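Residues per chain are reported as follows:
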Amino acid sequence: MSRRRYSRRRRGSLSSAVDHAAHIAVRFGSVGALWTGAIGFVVFYAALPACMMAWTAERKASLKGPAAAAFANLLDQVMWHRFIAPSQGAGIAILLVCSAIAIWKFFGQHDLDDKSVTALGAVSKFVSRLIGH
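The residue numbers shown here count from 1 along each chain, following its written sequence. pLDDT decides what is reported in this predicted model: residues at 70 or higher carry local features, side-chain atom pairs at 80 or more are listed and counted, and totals for whole chains, interfaces and linings draw on all residues regardless. Processing note: side-chain calculations cover all non-hydrogen atoms of the structure and skip hydrogens and water entirely.

Chemist: So what about the overall build of the chain? Which residues, and what values?
Modeler: The helix and strand inventory of the chain stands at four helices and zero strands. Helices and strands in the chain line up, N terminus first, as α-α-α-α. Each residue is placed in one exposure class: buried if its accessible area under a 1.4 Å probe, protein chains only, is under 20% of its type's maximum, exposed if it is over 50%, and partly exposed if it falls in between. A burial count over the chain gives 29% of its 133 residues as buried. In what follows, residue pairs with any heavy atoms lying within 4.5 Å of each other are defined as contacts. For the chain, contacts bridging at least 24 residues in sequence account for 77% of all contacts bridging at least 6. Helix numbering and strand numbering both begin at the N terminus, where a helix is a DSSP run of H or I of at least 4 residues and a strand a DSSP run of E of at least 2.

Chemist: Describe a nonpolar patch on the surface, naming the residues involved and giving the relevant values.
Modeler: Each patch is built from salt-bridge-free residues with over 30% relative accessible area, joining like charges within 9 Å and nonpolar side chains (Val, Leu, Ile, Met, Phe, Trp, Tyr) within 5 Å. Calculation of accessible area relied on Shrake-Rupley with a 1.4 Å probe; when residues are assessed, cover is drawn exclusively from the protein chains displayed. A side-chain nitrogen of Lys or Arg and a carboxyl oxygen of Asp or Glu constitute a salt bridge if their distance falls within 4 Å. Side chains of Leu96, Val123, Phe126, Val127, Leu130 and Ile131 sit close together on the surface and give an oily, nonpolar patch of about 550 Å² of accessible area. Counting residues per element, the nonpolar patch draws most heavily on helix H4 (residues 114-132), at five residues.

Chemist: With reference to specific residues and values, describe the packing of helix H2 (residues 30-61) against helix H3 (residues 68-107).
Modeler: Helix packing for two helices is described by the angle between their axes and how far apart those axes are. To get an axis, fit a line to the C-alpha atoms, keeping to the stretch in contact for a helix; angles then go from 0 to 180 degrees between the N-to-C directions. It is the contact of H2 with H3, at a shortest axis distance of 7 Å, that shows an interaxial angle of 175°. Relative to H3, H2 is oriented roughly antiparallel. These descriptions rest on fixed angle ranges, namely under 35 degrees for roughly parallel, over 145 for roughly antiparallel, 65 to 115 for roughly perpendicular, and the rest for oblique.

Chemist: Provide a residue-level description of the packing of aromatic side chains, including the pertinent values.
Modeler: For Phe, Tyr and Trp, rings pair up if their centres lie within 6.5 Å, where Trp contributes its six-membered ring, and each pair is then called stacked (planes under 30 degrees apart), edge-to-face (over 60) or tilted (otherwise). A complete count under the given rule lists two aromatic pairs for this structure. Centre to centre, the rings of Phe41 and Tyr45 are 4.9 Å apart; their planes meet at 15°, and the pair counts as stacked. Pair noted here: Phe41 and Tyr45 are both in helix H2, with a separation of four residues, about one helical turn. Here Phe41 falls in the partly exposed class, since its relative accessible area comes to 25%. Note on Phe106 and Phe107: the rings are 5.0 Å apart at their centroids and 80° apart in plane angle, and the pair reads as edge-to-face. The pair formed by Phe106 and Phe107 is uniform in burial state, with each residue classed as exposed.

Chemist: So what about the side chain of Thr56? Which residues, and what values?
Modeler: Assignment of secondary structure puts Thr56 in helix H2. According to the relative accessible area criterion, Thr56 is buried, its value standing at 2%. Setting aside anything within four residues of it in sequence, one finds Thr56 in contact with Leu75, Asp76 and Met79.

Note that all results are geometric; they support no functional claim without further evidence.
Quick look at the structure:
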């Protein structure tokens, strides 16, 4: 009897958002790929963190009692490390991968296959992690 090996897959993570943005950018020309990167960057680097910070501020305002300051500080740290910083990293990775695709499409007139797009996405995620830390 063979057992299936367990592997944890993260569906719906920010990493898959970078992959999806890269696959969308491949379908457009060089200008469309740049627009895809710019829109993805604005959404993930600025808009999503701003919404999260507004939600956090609303929650912190409702805290009362002697431990409210400690909980507010903890909430800020958790939101920053778990949601905002990874979202901004994904925004940088989206901008990098879409810019690379736009440059590739501008200079080389042939299309990218799925393996090339996946490799470009992995490189952009690695570079964005280097930039972010």
